Amino acid sequence: MDGMRRRLQRMRQQRREPAISPGIVTVSAHENDDENPSALNTRDTSLLLEVSMRYRVRYLGNEAALRDIGTVRANRSINQGVGVYYFEAQMIESGDGGKMAIGLIGMTSSLGSLPGSDSQGIGYFSTGSCAKEGDVADYASGYGRGDTVGCCVNFITKKVFFTKNGNPLDEMSFSQNEYDEGRIFPAIGLNSPGRTVEVNFGQNAFKFNIKNYKNELAASMMEEIGKVEISKQYPQFVQELVLEYLIYCGYVESATLFAKQLHLPLGEEERSIRSRYDIIHSIENGHIDAAISLINEYRVDFLLKTPDVLFKLKCRAFVERILHSMHDGSSSNSTTTATTT
């Protein structure tokens with residue numbers, strides 16, 4: 001059984017991370033990406049915190065321990081291939097005094113300090129200040145009970161900004177190279193007795209319109225790409241090879257602009273290119289049933305004519321269900337352990 005478990009885990013790890021395409025900004029809210037943070041980590045948290053129901057964290061210290069801070073990391077580091085990542089936290093109970101911070105930290109960042117207080121991290125404090133790699137400065141207004149704050153990291157522009165009740169705040173520069181092996185985790189820090197926070201990794205609708213932000217970012221990037229003059233000095237077969245690659249990867253906007261500037265025929269309908277990208281993306285992220293539905297929608301009768309492909313997809317879907325049940329079981333066990341201790 002242990003051998004099978006290890007083989008299944010290796011299969012999941014072998015999935016390709018999607019590349020950041022100039023023409024595509026992945027929606028990471030985070031419906032189609034099982035490799036992104038999806039819950040708080042009950043095993044990677046301060047002893048001063050209680051994590052329950054996967055998304056809720058409460059400070060257990062008393063008034064005499066206001067200087068004692070507890071921080072919890074998410075269960076996974078952020079997959080930087082998504083381009084843009086966002087999460088939110090709502091303060092359910094404000095507690096007595098103290099602070100709260102939402103932000104990003106590294107794998108070796110201290111769980112005894114608020115995000116941004118050490119050399120690897122950035123955090124937006126409930127007092128309105130912002131800490132980045134240990135330096136604290138005024139940032140925005142503070143927040144309290146009932147408020148929802150968010151953190152958005154843009155790996156394309158290398159910027160980070162926070163939000164308050166759906167409204168974006170100022171951007172700051174950011175470099176993932178300053179973190180351990182580039183691994184970056186969403187984090188929540190507390191030191192207020194009784195303070196309770198609910199974290200949203202995309203399981204519920206966000207206050208901030210992250211999809212609109214990504215659409216605007218993609219449009220801006222496409223406008224910049226359109227301004228680039230593509231050299232015609234390369235042989236036509238090289239140009240056609242690049243175009244075929246863009247079409248194969250499903251980068252519709254980039255392929256269309258490339259073909260237009262070089263006066264090359266696209267050779268395939270945009271709908272067909274997009275469908276292939278959607279199918280590949282679904283399979284790579286383990287959503288096999290969704291991939292089968294897309295194939296039946298865009299490639300009618302294909303699976304009926306290729307039963308061997310359908311069989312392999314069904315086998316993969318079975319493996320994914322086992323992986324999900326294993327993950328859910330381990331999360332349930334760790335939550336139970338944390339509660340009983």
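As a reminder, the structure under discussion sits directly above these lines.
Values in this document were obtained by computation on a predicted structure and should not be read as measured data.

Please explain the packing of aromatic side chains as it appears in this structure.
Here the structure, examined in full by the defined rule, presents twelve aromatic pairs. A centroid spacing of 5.9 Å and a plane angle of 80° characterise the contact between Tyr 139 and Phe 162, whose relative ring orientation is edge-to-face. Pair noted here: Tyr 139 is in the loop between β9 (135–138) and β10 (148–154) and Phe 162 is in strand β11 (residues 159–164), with a separation of 23 residues, a long-range link. For Tyr 139, a relative accessible area of 15% gives the class buried. An aromatic cluster is built from Tyr 86, Phe 161, Phe 206, Phe 208 and Tyr 213, whose rings are joined through pairwise contacts.

Would you take a moment to explain the pattern of salt bridges for this structure?
Close approach of charged atoms lets side chains of opposite charge pair. Under the criterion given, the structure shown has eight salt bridges. The closest approach of N and O atoms between Arg 145 and Glu 93, which form a salt bridge, is 3.7 Å. You can see Arg 145 sitting in the loop between β9 and β10 and its partner Glu 93 sitting in strand β5 (residues 84–93), a full 52 residues away along the chain. Residue Glu 93 is classed as partly exposed on the basis of its relative accessible area, which comes to 34%. Between Glu 253 and Arg 274 there is a salt bridge, with its nearest N and O atoms 3.3 Å apart. Placement of the pair is Glu 253 in helix α4 (residues 252–262) and Arg 274 in helix α5 (residues 270–284), with a sequence separation of 21 residues.

What should I look at first to understand the side chain of Asn 191 in this one?
Structurally, the position occupied by Asn 191 is in the loop between β13 (185–190) and β14 (196–200). Relative accessible area serves as the criterion here: at 8%, Asn 191 is assigned to the buried category. Looking at Asn 191, its side chain comes within polar contact range of the main-chain nitrogen of Lys 99, at 2.5 Å.

Even after reading the chapter, I still don't get the pairing of strand β12 (residues 167–173), so can you show me in this structure?
Successive residues of a regular strand alternate their side chains across the two faces of the sheet. Bridge analysis of β11 against β12 gives five bridges, and the strand direction is antiparallel. Residue pairing for β12: Val 160 is matched across the bridge by Met 172. Once β11 ends, the chain turns through two residues before running back antiparallel as β12, passing Asn 165 with a positive phi of about 50°.

Quick question: what am I supposed to make of the sheet that holds strand β2 (residues 49–52) here?
Through backbone hydrogen bonds, the strands of a sheet pair up, either in parallel or in antiparallel fashion. Pairing within the open sheet is antiparallel, and its seven strands lie in the order β2-β3-β14-β5-β10-β11-β12. Of all the strands in the sheet, the pair left with one neighbour each is β2 and β12. Direction aside, neighbouring strands of the sheet carry axes that sit 20° apart on average. Taken together, the three bridges between strand β3 (residues 56–59) and β14 define a ladder with antiparallel strand orientation.

Sorry, what's going on with the pairing of β9 here?
Inspection of the sheet shows strand β8 (residues 129–132) paired to β9 by four bridges, in the antiparallel sense. Each residue of the ladder has a partner; that of Lys 132, found in β9, is Asp 135. Hairpin connection of β8 to β9: two residues between the antiparallel strands, including Glu 133 at a positive phi of 50°.

I tried to follow the nonpolar core on my own but got confused; where do I start?
Note that soluble globular proteins tend to have their nonpolar side chains buried in a common cluster. Counting residues in hydrophobic clusters, the biggest one holds 37 residues, and the most contacted among them are Val 57, Phe 87, Ile 102, Leu 104, Phe 162 and Ile 188. Looking at which element gives the most residues to this core, the answer is β5, with four residues. The next biggest cluster of nonpolar side chains, apart from the first, holds 13 residues, and it includes Leu 246, Phe 258, Leu 262 and Ile 273.

Can you help me understand helix α3 (residues 236–249) in this one?
Counting along an α-helix, one turn takes 3.6 residues, and residues three or four places apart therefore face a common direction. Taking 1.5 Å of rise per residue, the 14 residues of α3 would be expected to cover 20 Å, and the 20 Å separating its terminal C-alpha atoms lies within 8% of that figure. Taken together, the buried positions of α3 are occupied by Gln 239, Leu 243, Leu 246, Ile 247 and Cys 249. Residues of α3 that are buried sit in contact with α4 and α5. Positive backbone phi, approximately 85°, marks Gly 250, located one or two places after α3.

Looking at this structure, I do not really get helix α2 (residues 210–227). What am I missing?
Taking 1.5 Å of rise per residue, the 18 residues of α2 would be expected to cover 26 Å, and the 26 Å separating its terminal C-alpha atoms lies within 8% of that figure. Among the residues of α2, Ile 210, Tyr 213, Lys 214, Leu 217, Ala 218, Met 221 and Met 222 are the ones counted as buried. Buried residues of α2, viewed axially, fall in a sector of 170°; they line one side. Residues of α2 that are exposed and angled more than 90 degrees away from the buried face: Asn 215, Glu 223 and Lys 227. Tucked inside the fold, the buried residues of α2 contact β5, β10, β11, β12 and α4.

Got a minute to help me understand unusual backbone geometry in this structure?
Residue Lys 158 is not a glycine yet carries a positive backbone phi of 60°. With respect to the helices and strands, Lys 158 occurs in the loop between β10 and β11. The class for Lys 158 is partly exposed, based on a relative accessible area of 40%.

Rules behind the numbers
Residues numbered from 1 in each chain as written. Predicted model: local features only at pLDDT ≥ 70, side-chain atom pairs only at ≥ 80, totals over all residues. Heavy atoms only, no water. Phe/Tyr/Trp six-rings, centres within 6.5 Å; stacked < 30°, edge-to-face > 60°. Helix = DSSP H or I, 4+ residues; strand = E, 2+ residues; numbered from the N terminus. Buried < 20%, exposed > 50% of the residue type's maximum accessible area, 1.4 Å probe, protein only. Salt bridge = Lys/Arg side-chain N within 4 Å of Asp/Glu carboxyl O. Polar contact = N/O pair within 3.5 Å; in protein donor to acceptor, adjacent residues only side chain to side chain. Pairing = 2+ DSSP bridges. Axes fitted to C-alpha atoms, helices over the stretch in contact; angles between N-to-C directions. Core = buried A, V, L, I, M, F, W, Y, C linked by side-chain atoms within 4.5 Å. Expected span 1.5 Å × (residues − 1). Contact = heavy atoms within 4.5 Å. Arc of directions from axis to C-beta.

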